[in-house]
Amino acid sequence: ETGRVKHFIRTIIDEDLASGKVEKVHTRFPPEPNGYLHLGHAKSICLNFGLAEEYSGQCNLRLDDTNPVKEDVEYVESIKEDVRWLGFDWQDRQFFASDYFERLYGYAEKLISMGKAYVDDLSAEEIRKYRGTLTEPGTESPYRSRGVDENLDLFRRMRAGEFEDGSRVLRAKIDMTHPNVVLRDPTIYRIRRAHHHRTGDAWCIYPMYDFAHCLSDAIEGITHSVCTLEFENNRALYDWVLDTLGIAPRPHQYEFARLNLTYTVLSKRKLIQLVQEGHVSGWDDPRMPTLSGIRRRGYPAAALREFCERIGVAKADSTVDIALLEHCVRENLNAAAPRVLGVLDPVKVVITNYPEDLVEEFEMPYHPEDESMGSRKVPFCRELYIEREDFMEEPPAKYFRLAPGREVRLRFSYYVTCQDVVKDENGTITEIHCTYDPETRGGWSKDGRKVKGTLHWVSARHALPVEVRLYDHLFSKTDPMDVEDDGTFLDNLNPDSLTVLTDCRVEPSLADMKPGTVCQFERKGYFCADVKDSRPGHPVFNRTASLRDSWAK
Ligand code: ATP
Ligand code: MG
Ligand code: MG
């Protein structure tokens, strides 16, 4: 992997360690279990777990489950699987924000006792109006001056379920004229009768993110709480809560730019929509930017980690070319994927001077540069399949593949020369008749004559018929959010993002390929045996990546 870039968070940590402000780095990855993790989360995971590793610190996995309405255990399980797959381990430090509900409630009562929080009876709509705007100061709620005892009583009764959903909230008492709108008496608790996937119906009030997050960080002893830039204005509230409650030593929040990728949406809300409306087959559809999707597609975790390191961590938003991710995937697979032969669009070749019943086996190395990967035997006989596009009746200049009268090399086996073609009534070629030169066994000739083309092939008698799925970008615009006035991102879905080929043939050694492993079909790309739809003896292949790299360095 490439050398480490010294980004600003590493600089902050170096300084904090040098000055003694912190003794040990403690980070956390805090997903809300309301959807599957996506490539953006991978950046956050690599950053948080990576920093902990790098500085011999610790990183917690915290399920930030304070909003029961959209959360579910299904998501908790998928998050854990995805973080592990990426190669990180939280060991015994798996936490749920909901485990802190009682303590958070206690902190809220403490704020009330200090005169720093009050129960407000304004409606959500009124609260919004009273808040003011960036240019206009807010207005104080008529309930702002309630005394401590009344506030405590009302808050306890909120918890006890005496009031309707939405009828009251608890607000921090800060400053309705503050230039930072976030500090204009933010709501810190609301009434919400919703079943929580862990605490059940124990609570009918739930803390807001800005209140729960900083305190969860403090409870866990987090030192550096990194989050994405949209929380920059919330940092003042993060600090206010911890400082007002007198928590020391305390965590600090640092913001970095979120990952944006061309041709991709990275928002759980939109990804949920794609799944629920059936635009994709599920969260793990290999076209999805979810970690489960790219895993199923065959992207190696190491390639994603490498990508996250290369994009770095910046303070300003930008969009990364998805070709860089694909480049990291190809770079990894080029070294790691065994080479095999597979024909996606087969046309039959008959070698007319090859004995009917003869079967030869050719020993083929799995990797041209890595002997340790070993080799396998591939059968060869009189009838083969080659790629339909590897033959042309009237080839243009610079077409070096098979054509009438032309000699080419069949990979690792023989030179063959096209003598004739057979067509059906529509003029479609059904067979290509060739002769072979027995003196070229192994794919080279003693007389040194040159052939320009080398084609991959499979034995018609032995090849395994398989289904192959080709993928393209899920969206056809570099920015899927670039839409007409009354349009949505769905208008930019690429109608050709999935092509299913049902009549492909691969060498017989692939019958037992373990689902999830990726190999290179020579000249065609990288393919991964699908974990869901492959059956014993009948793999289904997902194209992980083509061989053409479009990343411009
Ligand atoms: P989304 O915006 O997709 O709904 P989220 O931010 O609401 O995602 P969380 O589960 O709250 O999702 O995120 C967990 C962590 O991952 C947070 O620290 C968040 O900042 C980070 N994260 C989410 N999206 C990105 C992204 N695109 N780039 C980098 N980090 C991200
Ligand atoms: Mg969130
Ligand atoms: Mg979000």
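Note that the structure is predicted; figures quoted are calculated from it, not measured.

What about the nonpolar core?
Here's step 1: Tyr-385, Ile-386 and Trp-457 are the most contacted members of the largest nonpolar core, which totals 91 residues.
Here's step 2: Broken down by element, this core gets its largest block of residues, eight residues, from helix H2 (residues 39-54).
Here's step 3: The residues touching Trp-457, leaving out its near neighbours within four places in the chain, are Leu-341, Val-343, Leu-384, Tyr-385, Ile-386, Leu-410 and Arg-411.
Here's step 4: Judged by nonpolar contacts, the second largest core, of 33 residues, contains Ala-108, Tyr-118, Leu-154 and Trp-203.

Remarks on the UniProt feature "domain: Glutamyl/glutaminyl-tRNA synthetase class Ib catalytic" (unreviewed entry) in the chain
Here's step 1: As annotated in UniProt, the feature "domain: Glutamyl/glutaminyl-tRNA synthetase class Ib catalytic" (unreviewed entry) corresponds to residues 24-334 in the numbering used here.
Here's step 2: With 40% helix and 14% strand, the stretch residues 24-334 has end C-alpha atoms that lie 39 Å from each other.

Side note on the sheet that holds strand S7 (residues 205-207)
Here's step 1: Spatially, the four strands line up as an open sheet ordered S4-S5-S6-S7, and their pairing is antiparallel. Strand pairing shows two members of the sheet lacking a second neighbour, strand S4 (117-120) and S7, which therefore form its edges. Here the average twist between neighbouring strands, direction ignored, is 20°.
Here's step 2: Of the strand pairs in this sheet, strand S6 (residues 187-191) and S7 are connected by three bridges, and their pairing is antiparallel. Within S7, the residue paired with Ile-191 across the bridge is Ile-205.
Here's step 3: Running over the sheet, helix H6 (residues 148-160) touches S4, strand S5 (169-172), S6 and S7 and is turned about 60° from S4.

Re the environment of Cys-528
Here's step 1: Within the secondary structure, Cys-528 sits in strand S26 (residues 525-529).
Here's step 2: For Cys-528, a count of 29 C-beta atoms within 10 Å corresponds to the buried category.
Here's step 3: For the pair formed by Cys-528 and Arg-295, sequence separation is 233 residues and the distance between their alpha carbons is 9.6 Å.
Here's step 4: Not counting chain neighbours up to four residues away, the residues in contact with Cys-528 comprise Arg-297, Gly-298, Gly-516, Thr-517, Val-518, Phe-541, Asn-542 and Thr-544.

Things to note about helix H12 (residues 322-336)
Here's step 1: With 15 residues, H12 ought to run about 21 Å at 1.5 Å a step, and its terminal C-alpha atoms sit 21 Å apart, in line with that.
Here's step 2: The set of residues buried in H12 consists of Leu-325, Glu-326, His-327, Cys-328, Val-329, Arg-330, Asn-332 and Leu-333.
Here's step 3: Against helix H11 (301-311), strand S25 (518-521), S26 and strand S27 (540-545) lie the buried residues of H12.

A few points about the site of ligand 1
Here's step 1: In the region of ligand 1, 15 residues are neighbours, and Pro-31, Gly-40, Ser-44, Arg-258 and Lys-268 sit closest.
Here's step 2: At the level of secondary structure, the elements contributing two or more residues to the shell around ligand 1 comprise H2, strand S8 (224-228) and helix H9 (268-276).
Here's step 3: At four residues, H2 tops the list of elements feeding residues into the shell around ligand 1.
Here's step 4: A per-class count over the shell around ligand 1 returns five nonpolar, five polar and five charged.

The rules behind each value
- Residues numbered from 1 in each chain as written.
- Chains lettered and ligands numbered in written order.
- Predicted model: local features only at pLDDT ≥ 70, side-chain atom pairs only at ≥ 80, totals over all residues.
- Core = buried A, V, L, I, M, F, W, Y, C linked by C-beta atoms within 7 Å.
- Buried ≥ 20, exposed ≤ 12 C-beta atoms within 10 Å, placed from the backbone.
- Helix = DSSP H or I, 4+ residues; strand = E, 2+ residues; numbered from the N terminus.
- Contact = placed C-beta atoms within 7 Å.
- UniProt positions renumbered as here; feature names shortened; annotations may be inferred.
- Pairing = 2+ DSSP bridges.
- Axes fitted to C-alpha atoms, helices over the stretch in contact; angles between N-to-C directions.
- Expected span 1.5 Å × (residues − 1).
- Near = placed C-beta within 6 Å.
- Nonpolar A, V, L, I, M, F, W, Y, C, P; charged D, E, K, R; others polar.

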